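Descriptive structure summary
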Amino acid sequence: MSRYSVFSLLRHAATGNRGWQRAWRAASPKASYDVVIIGGGGHGLATAFYLAENHGIRNVAVLEKGYIGGGNVGRNTTVIRSNYLLDGNTQFYEFSMKLWEGMSAALNFNVMFSQRGQLVTAHSADQLDTFSHRANVMRSNGIDAEILDRDAVRKLVPYLDFSDTARFPIHGAIFQGRAGTARHDAVAWGYARAASGHGVDIIEGCEVTDFVRQGDRIVGVETTRGRIGAGRVGLAVAGHTSVLAQKAGLELPIESHLLQAFVTEPVKPLVDHVVAYGADHFYLSQSDKGGLVFGGNLDGYNSYSQRGNTGVLREVCEAAIALMPNISRLRLLRHWGGIMDMTPDASPIISLTPVDGLYLSGGWCYGGFKATPASGWCFAEMLATGETPALVRGYGLGRFRSGHMIDEAGAGPFAWLQ
Amino acid sequence: MLRIDCPCCGVRDHSEFRYGGDATVERPAHDNPDLDAWYRYVYVRANPKGLHREYWQHVLGCRQWLVVERDTVTHSIHSVSFSRRQRA
Ligand SMILES: Cc1cc2nc3c(=O)[nH]c(=O)nc-3n(C[C@H](O)[C@H](O)[C@H](O)COP(=O)(O)OP(=O)(O)OC[C@H]3O[C@@H](n4cnc5c(N)ncnc54)[C@H](O)[C@@H]3O)c2cc1C
Ligand SMILES: [Zn+2]
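Rules used in this analysis
Residue positions are given per chain, counted from 1 along the sequence in the order it is written. All chains are assigned letters beginning at A, and all ligands numbers beginning at 1, according to the order in which they are written. Only residues with pLDDT of at least 70 are given local features in this predicted model, and only at 80 or more are side-chain atom pairs given and counted; all residues enter the totals for whole chains, interfaces and linings. Think of the side-chain values as coming from all heavy atoms in the structure, minus any hydrogens and water. Per the convention used, a helix needs a DSSP run of H or I reaching at least four residues, while a strand needs a run of E reaching at least two, with both numbered from the N terminus. Calculation of accessible area relied on Shrake-Rupley with a 1.4 Å probe; when residues are assessed, cover is drawn exclusively from the protein chains displayed. When charges are counted, neither His nor the chain ends are considered; positive counts come from Lys and Arg and negative counts from Asp and Glu. Think of each charge as sitting on NZ of Lys, CZ of Arg, CG of Asp or CD of Glu. UniProt positions are given in the numbering used here, feature names are shortened, and annotations may be inferred rather than shown by experiment. Per-residue accessibility, obtained with a 1.4 Å probe over protein chains only, is compared with the maximum for each type, and a residue is labelled buried under 20%, exposed over 50%, and partly exposed between these values. Any two strands between which DSSP finds at least two bridges are classified as paired. Each axis is a line fitted through C-alpha atoms, taken for helices only over the stretch in contact, and angles between the N-to-C directions span 0 to 180 degrees. Residues count as neighbours in contact if any of their non-hydrogen atoms are within 4.5 Å of one another. Here the quantity called buried area is the accessible surface, traced with a 1.4 Å probe, that two parts lose on coming together, added over both. A pairing counts as a salt bridge when a side-chain nitrogen of Lys or Arg comes within 4 Å of a carboxyl oxygen of Asp or Glu. Polar contact is defined as a pair of N or O atoms within 3.5 Å, subject to the rule that within protein one atom must be able to donate a hydrogen and the other to accept it, and that residues adjacent in sequence are counted only when both atoms are side-chain atoms. The residue classification treats Ala, Val, Leu, Ile, Met, Phe, Trp, Tyr, Cys and Pro as nonpolar and Asp, Glu, Lys and Arg as charged. All others, Gly included, are polar. By nonpolar core is meant a set of buried Ala, Val, Leu, Ile, Met, Phe, Trp, Tyr and Cys residues that side-chain atoms within 4.5 Å join together. Proximity is defined per residue: if any heavy atom of the residue lies within 4 Å of a molecule or strand, that residue is considered near it.

1. A few points about the overall build of chain B
A count of helices and strands for chain B gives two helices and six strands. Tracing chain B from N to C terminus, the helices and strands come up as β-β-β-α-β-β-β-α. Projecting the C-alpha coordinates of chain B onto the three principal axes gives extents of approximately 40 × 30 × 20 Å. Entry remark: accessible area of chain B is about 4,800 Å², with carbon and sulfur atoms responsible for 50%. Computed over 13 positive and 11 negative side-chain charges, the separation of the two mean positions in chain B equals 5 Å.

Written out as C-alpha cells, the structure is:
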C-alpha cells in the first residue's frame, strides 16, 4: 500500500490522477481466521486495525453485510467530545479524544478532525451549577473544560437568541475547546485502508447469518459467502446486536432505536463551533460544505427501519429556531436515520460474554462515533488477550446485575427515555 | 408517523401515545426472591427485527394502556388491544 503524502499528491496530479490505487484490498473469505469481526463499521474496522497494529494479530477478517461506511459510521452527525461526568465514561472518552488527536497521522489518512470546540448552553442557575460540577470532574481528570457566563457565551456565539423573547433565556454554558467534528466516512475508510495494509481481510457484501459451534464454543460463522472458521469472534454490528446475539443464544439488555439526522441547504460560514442546546435534546454544527447539521432525540420506539418519523423532524426544527431564530428560513436539504443499540443506562457494552469464543462491542447509542478509536483499541485488546482491559471494566454485561450502571442521562432502565 | 387504532378512540397519530416498551416481560411475584427473574424483568428485552408486542398508552385520549403488535421493520400494525384484557 503506497503512502499518501504531499509528494504522492503532486506526482498523481502531474499524471492526471489516473494512478491512484484503491484504498483497501477487495478480499475473498479464507477458510478460517484467528479473529473474525462481524460488522464493518467504524468500531469493527478500528478493532481490526488495532489487533494488527498493537497486538500483531493480522490473520483477521472484518465481515460487512453491506459496504464499508454504509452504517452508522456514515450516518452520524460527527460530534466528538469528552465532556462526561461519570467515572468510567470520563476516562474512556478522553482516551478516545487523545486517539482522535493523533488519528490522521496514525492512519496516514486525513479524517478532517476539526477541534472547533463544543458548547452546551445552560438555561438556569441550577443547570449552570450542574455544568460546573461536570467541568470540575473533567478538569480533575486532566480534561479541558470552561464555564462561560451569559456575556461570554454571547461573545462566542452571538447568533443565538439573546433577545428578551427567548423561550429559554441563555444563562451560561459549558465549553470544551478540544471537542469538534471529523469526516465520518473518512474514519471508516482510513481504518479500512490501514487495517488492509496490515493484512486484514475486509470482506464487503458478506452477511453473517449464524454461528458455528463446537460443543459450547463458537468456532466460526455462517455467512452469505459460506462458512468461515474463527479462533475468536467479535460482534460489532451497531443496531443489530440483539439480532445476532440471539442466534448465539444470548439475551441482552438492549433495544434497537432509530436516531435521525438533518442537514440544511449550504450557507456561508456561520456556526464556528458545535452548539448543543441545554433546554432540549438538540445540537448543530456547520459542515465544510456549508450545511447546518442537526441532531435531536430518538424516535422513541423500537425500530429497524432506518426511516424516521415526522414528529422528531418537527421537534428538531422547533428547537433549532428557539436556539437560532435567524435560520428559520433555511430549507432542510435531507434527513436520514440510523439504527442504534440503546442500553438501559445509555452506556455501551464492551464485554466478554457467557458464550465461549464470543466477544461483544455493542450498546452504542448517541455517542458511539466519538468512541470509535477507544472502542477499537480496547476491543482489540480484549480479543487479543481474552481479558477485560482496565479502561472498559465499567462497560461489562454484569453491571446490570450488580447495579453498577453508568447512567449519564439519569433516565433509568427504559431505553426509549435515554 | 404511525397510526394506532385505539379500541376506545379510533385511529390516531402515535404522537398522542406514550411508548411503554416490550409487552412480553413478566413481572415476578412480589415475594419472588429470585434475583435473576428481577434482572430479566427490569432489563432484558425482546428486541426482534419483525413482529414486536409492545405497550402504548393513549395519554392524549382515553389514557388506556394498549398492547400493540407492530412490525419493527415495516411499522405495519397487526393488532391493538386493551392491555388489561391480556392479564388474568
Ligand atoms: C443520526 C445519528 C447521529 C449520530 N450522531 C453522533 C454524533 O454526533 N457523535 C457520536 O459520537 N455518535 C453519534 N452517533 C452514534 C454513532 O454513529 C454510532 O454509535 C456508531 O457509529 C456505531 O458504531 P459503528 O460505527 O461500528 O456502526 P456501523 O457503522 O453501523 O457498523 C455496524 C455494521 O455492522 C453491519 N452488520 C449488521 N449486521 C450484520 C451481519 N449480520 N453481518 C455482517 N455485517 C453486519 C452493518 O451493515 C454496519 O455496517 C449517531 C448515530 C446516528 C444514527
Ligand atoms: Zn384511546
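And the narrative resumes.
2. A word on the UniProt feature "domain: Rhodanese" (unreviewed entry) in chain A
Mapped onto this numbering, the UniProt entry gives "domain: Rhodanese" (unreviewed entry) at residues 35–79 of chain A. In this annotation, residues 35–79 of chain A is assigned 31% helix and 20% strand; the end-to-end C-alpha distance for the span is 30 Å.

3. Quick word on the pairing of strand β4 (residues 51–57) of chain B
One face of the sheet, then the other: side chains in a regular strand alternate in exactly this way. Residues and elements named next belong to chain B. Counting buried positions over the seven residues of β4 gives five, a clear majority of the element. In this structure, strand β3 (residues 18–22) lies alongside β4, joined through four bridges in antiparallel fashion. Each residue of the ladder has a partner; that of D22, found in β4, is E54. Pairing of β4 with strand β5 (residues 65–71) involves seven bridges; the strand directions are antiparallel. Along β5, the bridge assignment pairs Y55 with V67.

4. So, the sheet that holds strand β16 (residues 332–342) of chain A
Strand-to-strand pairing in sheets goes through backbone hydrogen bonds, with the strands running parallel or antiparallel. Residue and element names in this part refer to chain A. The strand order across the open sheet formed by eight strands is β5-β6-β4-β13-β14-β15-β12-β16, and the pairing between neighbours is mixed. Here the strands that pair on one side only, and so sit at the sheet edges, are β5 (146–149) and β16. This sheet shows a mean twist of 25° between the axes of neighbouring strands, independent of strand direction. Where strand β14 (residues 282–286) meets strand β15 (residues 292–302), four bridges bridge the pair, whose relative direction is antiparallel. Each residue of the ladder has a partner; that of S285, found in β15, is V293. Sheet strands in contact with helix α4 (residues 125–140) are β4 (118–122), β5 and β6 (172–176), and its direction is about 20° off that of β6.

5. A closer look at the interface of chain A and chain B
Opposite the 27 residues of chain A that make contact, chain B presents 24 residues. Taken over both partners, the interface formed by chain A and chain B buries close to 2,200 Å², and the fraction arising from carbon and sulfur atoms is 52%. Together, Y301, N302 and Y304 of chain A form the three largest contributors to the area buried by chain A at its contact with chain B, with a combined 29%. Here chain A is connected to chain B by two salt bridges. For R401 of chain A, the salt bridge identified is with D36 of chain B, shortest N-O distance 2.6 Å. Across the chain A-chain B interface, the total number found is 13 residue pairs in polar contact (both at pLDDT 80 or more). A total of three residues in the side of chain A that touches chain B trace back to one element, the largest contributor, which is β15 of chain A. Class assignment for the residues of the side of chain A that touches chain B results in 12 nonpolar, 10 polar and five charged.

6. Digging into the nonpolar core
Residues and elements named next belong to chain A. If you look at the biggest cluster of nonpolar residues, it comprises 53 residues, and the most contacted ones within it are F92 and Y191. At the level of elements, β1 (32–38), α2 (42–55), β2 (60–63), α3 (89–107), α6 (184–197) and α9 (372–385) are the ones that each hand at least two residues to this core. V36, L244, V355 and L358 belong to the second-largest nonpolar core, a separate cluster that totals 32 residues.

7. Thoughts on the site of ligand 1
Residues and elements named next belong to chain A. What surrounds ligand 1 is a group of 38 residues, the closest being E64, N72, T77, Y366 and K370. Here an oxygen atom of ligand 1 sits 3.5 Å away from a polar atom, N or O, in the main chain of G41. One nitrogen or oxygen atom from the main chain of K370 is found 2.7 Å from an oxygen atom belonging to ligand 1. Burial of ligand 1 by the protein chains amounts to 96% of its free accessible area of 990 Å². Of all the elements in the fold, those that place two or more residues in the shell around ligand 1 are α2, β12 (255–264) and β16. Take the shell around ligand 1: its biggest share by element is three residues, from β12. Of the residues belonging to the shell around ligand 1, the class tally is 18 nonpolar, 15 polar and five charged.

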